[in-house]
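The chain contents come next:
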Amino acid sequence: MSGYLVRGARIVGGRPTDLLLEDGVIAALGPGLAYDGSEVVDADGLVALPGLVDLHTHLREPGREDAETVETGTRAAALGGFTAVHAMANTDPVADTAGVVEQVWRLGREAGHCDVFPVGAVTVGLRGERLAELGAMADSAARVRVFSDDGRCVADPVLMRRALEYVKAFDGIIAQHAQEPGLTADAQMNEGELSGRLGLQGWPAVAEEAIIARDCLLAAHVGSRLHVCHVSTAGSVEIVRWAKSKGWNVTAEACPHHLLLTDALAATYDPIYKVNPPLRSAGDVEALREGLADGTVDAVATDHAPHPHEDKDCEWQAAASGMLGLETALPIVQQTMVDTGLLDWAAVAQRMSVRPAQIGRLSGHGRPLAVGEPANLVLYDPASPHVVEAAGLASLSRNTPYVGRELPGRVVATFLRGTATVLDGRPAEHASTGARG
Amino acid sequence: MRRHLLSAADLTRADAELVLETAEEMRSLADRPIKKLPALRGRTVVNLFFEDSTRTRISFEAAAKRLSADVINFSAKGSSLSKGESLKDTSLTLEAMGADAVVVRHWASGAPHLLANAGWSRSSVVNAGDGTHEHPTQALLDAFTMWRHLASGTGQSLDGRRVAIVGDVLHSRVARSNALLLKTLGAEVTLVAPPTLLPVGVEGWDVETSYDLDAVLPKADVVMMLRVQRERMNASFFPTVREYSRRYGLDGRRMSTLQDHTIVMHPGPMIRGMEITADVADSDRSVIVEQVSNGVAVRMAVLYLLLGGSESALGGPGDASGGDDQ
């Protein structure tokens, strides 16, 4: 028994069809495929999407294995419907050499839950002083194409210009964490009326927007590719829209939490809602949804940021920034974008698989669900409302703001090159998934 | 009744007036040879200070002792950078010791809120100043001082009284709590500061704002000067101390433009020569020293009411969870 026969799945929400997954590819496709001895997966009523690709994941290994490991983080990713994640560079040691990115890449292969594409640091130690060996990371076994100092902004304009120029040699991209440091010293939450009332230091929208505007101009000037991480403000969406209208090579991502939650939650002083960039106003949420709908924002990225309990069970100012995202991303996109009529499932596939794979230059992911294509797909039940429980999460950490919230759907199965990583909503026993795409 | 005092916004007008009336009774105690009541005998009040503040701590300590409570002072210095014992563990320790009330001063905005709501402890929590958020007992003692000077006699109130709060509003928990409480009590508040020292979004607060101290002073019934730290100069909130004093300091010339009945207040500690000149601070209009003695009376009233001095004391119906305090 070599494969899976998926019965009655609606490819990107279309008519029900069967898919035969064999030898790592989609071997046959169409209604009423003949039973050939493969394991049958009943997908009646389920939406089939190409395996999701996350441009922004913190797997914490090496260095903070108390928060997450490559193994646990990629298991969480598979449960969220992902077949590929980009592992951010702010580990300890920082992923700023070929050695570290290859280690992370190898750990991902060994875990086998989803493909791990390490992101390389732009600057040595994320210190923003001099370029890391970007070429060595690009040429390594990990074949790094996305570079980011995420967690910190490449604030120096000369360094940013040079980085953008340098990665052109290997078709790389700089993913910028847009945060002007001088405007955000000790910043705790979105700057607005509420930050003033709560006495929490403000993180003004302009600190994000000023860097994005500068970087768009720099990318245009040197003719390189810029990707903007976690855009969170209406103004950022406007600037990216303007840059795209010029034909510049600028892409952007938005996080599920910025599509759903607002800064009003800071009034609880519960650091579960502390994240960087911070939760913004309802108007920003609206603008982000519109930007994602019209394609100004290319991709949804989770910014999955695990933290140990003690780093969140404390004063807001002392707490770490960040929240889990992998296991809840797709239901939140359904709730905020599909159920609101802003996106159909084909467009969700674009935002969560096709575009992020293109931005990361991944050839084996984000492919259409068609005969001969890699069998990377997720089966999703959009009519399975359930309340999020912390104990049910695969991540080592529990810092999700969604506990107790009802989400509209759930991932039923995920396949990575024809191997089930998730079946019946639970991690599947898996063999090694072999070659990478 | 409410179990905690976390924000001046927790207080209804009736709550606040009850505190002021109770404080008046407590104040009369100061004139007696034995300045002590048995009201909180056998109860334990913990002063939990994560930030130095000698004057606030001794004010609470005196208040609790005059009510015959046992007082434990717990100084737990530490910042977000130098982590010591966590707030949670400190709280669990105090709970195990049987604290009835925890008076907390903390560098982090919202820390008292966390203490009251995280489920670590059953004690009543009194916010004695948290970060740049609030300092509700300071606002109560300020209101009490105004009330005694401007609303003496039964049935009088602060309705329509004009209070100018001048200085570093942005970083001031005193200004936030005063703005909230004084509105509740019917006064009209004007915040006066350079634009750099007013919070973003202040137009959404229920107050007036002004950049022009000279225009505000002749109409004010109360002028409250806030402490301004010299170090703010280094972060470009204002160019120099001298320029700040010229534009926003209260000196003898400016004092001469005040109405006859107008009082001058300062929460302390003052920086003489910065926001207030010595001749103003020591003038007949100054009630700065009286604020300190009123502080003890008001904190007695707060502890007394929170710890069951009266069932109708500080607020609405019982809420064991304390979950609606903000």
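Residues numbered from 1 in each chain as written. Chains lettered and ligands numbered in written order. Predicted model: local features only at pLDDT ≥ 70, side-chain atom pairs only at ≥ 80, totals over all residues.

All names here are of chain A. Most of strand E20 (residues 419-423) is tucked away: four of the five residues are buried. Pairing between strand E19 (residues 410-416) and E20: three bridges, direction antiparallel. Following the sheet pairing, Leu-416 is matched in E20 by Thr-419. Where E19 hands over to E20, the hairpin turn is made up of two residues, of which Arg-417 adopts a positive phi near 45°. (Buried ≥ 20, exposed ≤ 12 C-beta atoms within 10 Å, placed from the backbone. Helix = DSSP H or I, 4+ residues; strand = E, 2+ residues; numbered from the N terminus. Pairing = 2+ DSSP bridges.)

Before going further, it helps to spend a moment on unusual backbone geometry. Excluding glycine, residues mostly have negative phi values, and the peptide bonds linking residues are mostly trans. In this model, Asp92(A) is joined to Pro93(A) through a cis peptide bond whose omega is 5°. Tracing the backbone through its elements, the reader meets Pro93(A) in the loop between strand E7 (82-87) and helix H2 (98-111). In this structure, Arg361(A) is a non-glycine residue whose phi angle is positive, near 60°. On the secondary structure map, Arg361(A) appears in the loop between helix H11 (345-359) and strand E16 (377-381). Taking the number of C-beta atoms within 10 Å as the measure of exposure, Arg361(A) has 16 and is therefore partly exposed. Notably, Ser68(B) is not glycine yet its phi reads approximately 70°, a positive angle. Mapped onto the fold, Ser68(B) is located in the loop between helix H2 (54-66) and strand E2 (70-75).

Each partner contributes residues to the interface: chain B has 22 residues there, and chain A has 17 residues. If you list the elements that add at least two residues to the side of chain B that touches chain A, you get helix H3 (87-97), helix H4 (111-117) and helix H6 (173-184) of chain B. Per element, the largest residue contribution to the side of chain B that touches chain A is three residues, and it comes from H4(B). (Contact = placed C-beta atoms within 7 Å.)

In this section: the environment of Ala319(A). By secondary structure assignment, the location of Ala319(A) is in the loop between strand E15 (299-300) and helix H10 (329-338). Along the sequence, Ala319(A) and Asp156(A) sit 163 residues apart, while their C-alpha atoms lie 27 Å from each other.

A word on the environment of Leu183(A). All names here are of chain A. Its location among the elements puts Leu-183 in the loop between strand E10 (173-176) and strand E11 (189-190). With 115 residues separating them along the chain, Leu-183 and Glu-68 place their C-alpha atoms 31 Å apart. Among all residues touching Leu-183, those that are not within four sequence positions of it are Pro-204, Val-206 and Ala-207.

The next point concerns H10(A). A turn of α-helix holds 3.6 residues, and therefore any two residues three or four places apart point the same way. Of all the ten residues making up H10(A), ten are buried; the element is thus mostly covered by neighbouring parts of the structure. Every buried residue of H10(A) is listed here: Ala329(A), Leu330(A), Pro331(A), Ile332(A), Val333(A), Gln334(A), Gln335(A), Thr336(A), Met337(A) and Val338(A).

Turning our attention to the packing of helix H5 (residues 136-150) of chain B against helix H11 (residues 288-306) of chain B. Residues and elements named next belong to chain B. The contact between H5 and H11 brings their axes to 8 Å, and the two run at 115°. At the point where H5 passes H11, the crossing takes the right-handed sense. Residue-level contacts link Thr-137, Leu-140, Leu-141, Asp-142, Phe-144 and Thr-145 of H5 to Glu-290, Gln-291, Asn-294, Gly-295, Val-298, Arg-299 and Val-302 of H11. For the contact of H5 with H11, the class distribution of residues is five nonpolar, five polar and three charged. (Axes fitted to C-alpha atoms, helices over the stretch in contact; angles between N-to-C directions. Left-handed = near helix turned anticlockwise from the far one by under 90°. Nonpolar A, V, L, I, M, F, W, Y, C, P; charged D, E, K, R; others polar.)

What follows concerns the sheet that holds strand E8 (residues 222-225) of chain B. Residues and elements named next belong to chain B. Pairing within the open sheet is parallel, and its five strands lie in the order E7-E6-E5-E8-E9. In this open sheet, the two strands that pair with only one neighbour each are strand E7 (208-210) and strand E9 (263-265). Strand-to-strand, the axes of this sheet are offset by a mean angle of 20°, without reference to chain direction. As paired strands, strand E5 (residues 162-166) and E8 are joined by four bridges and run parallel to one another. Residue pairing in the sheet places Val-163 in a bridge with Val-222 of E8. In this fold H6 packs onto E5, strand E6 (188-192) and E8, with an angle of close to 160° to the strand it touches most, E6.

Let's shift gears to the domain arrangement of chain A. Note: interface size is frequently given as the accessible area lost on complex formation between the parts. Residue and element names in this part refer to chain A. Once the domains are mapped, chain A shows domain 1 (4-47 + 372-427) and domain 2 (51-359). Using only C-alpha atoms to locate each centre, domain 1 and domain 2 end up separated by 26 Å. Taken together, the 29 residues of domain 1 in the interface contact 39 residues of domain 2. The biggest single contributor to the side of domain 1 that touches domain 2 is E19, with four residues. Taken together, the residues that form the side of domain 1 that touches domain 2 break down as 18 nonpolar, nine polar and two charged. (Domains from an automatic or database assignment.)

All names here are of chain B. Partitioning chain B into structural domains gives domain 1 (8-134 + 291-306) and domain 2 (136-290). Counting from both sides, the interface comprises 26 residues of domain 1 and, opposite them, 24 residues of domain 2. Where the side of domain 1 that touches domain 2 is concerned, the elements lending two or more residues are helix H1 (13-29), strand E4 (124-130) and H11. The greatest single-element share of the side of domain 1 that touches domain 2, amounting to eight residues, is contributed by H11. Across the side of domain 1 that touches domain 2, the residue classes tally to twelve nonpolar, nine polar and five charged.

Here the focus is the packing of H10(A) against H11(A). Residues and elements named next belong to chain A. Running from N to C, H10 and H11 cross one another at 125°; their axes reach a closest spacing of 11 Å. Considered as vectors, H10 and H11 are oriented oblique to each other. Between H10 and H11 lies a crossing whose hand is right-handed. Contact residues: H10 offers Val-333, Met-337 and Val-338, while H11 offers Trp-345, Val-348 and Met-352. Along the lines of polarity and charge, the residues of the contact of H10 with H11 split into six nonpolar, no polar and no charged. (Parallel < 35°, antiparallel > 145°, perpendicular 65-115°, else oblique.)

All names here are of chain A. Given a rise of 1.5 Å per residue, 15 residues ought to cover 21 Å, and the 20 Å separating the end C-alpha atoms of H11 matches this to within 8%. The principal kink in H11, of about 40°, is found at Arg-351. The buried count for H11 comes to eleven of 15 residues, which makes it a mostly enclosed element. Turning to H11, its buried residues are Val-348, Ala-349, Gln-350, Arg-351, Met-352, Ser-353, Val-354, Arg-355, Pro-356, Ala-357 and Ile-359. Looking one or two residues beyond H11, the residue adopting positive phi is Arg-361, at roughly 60°. (Expected span 1.5 Å × (residues − 1). Bend = angle between axes of the 7 residues up to and from the residue.)

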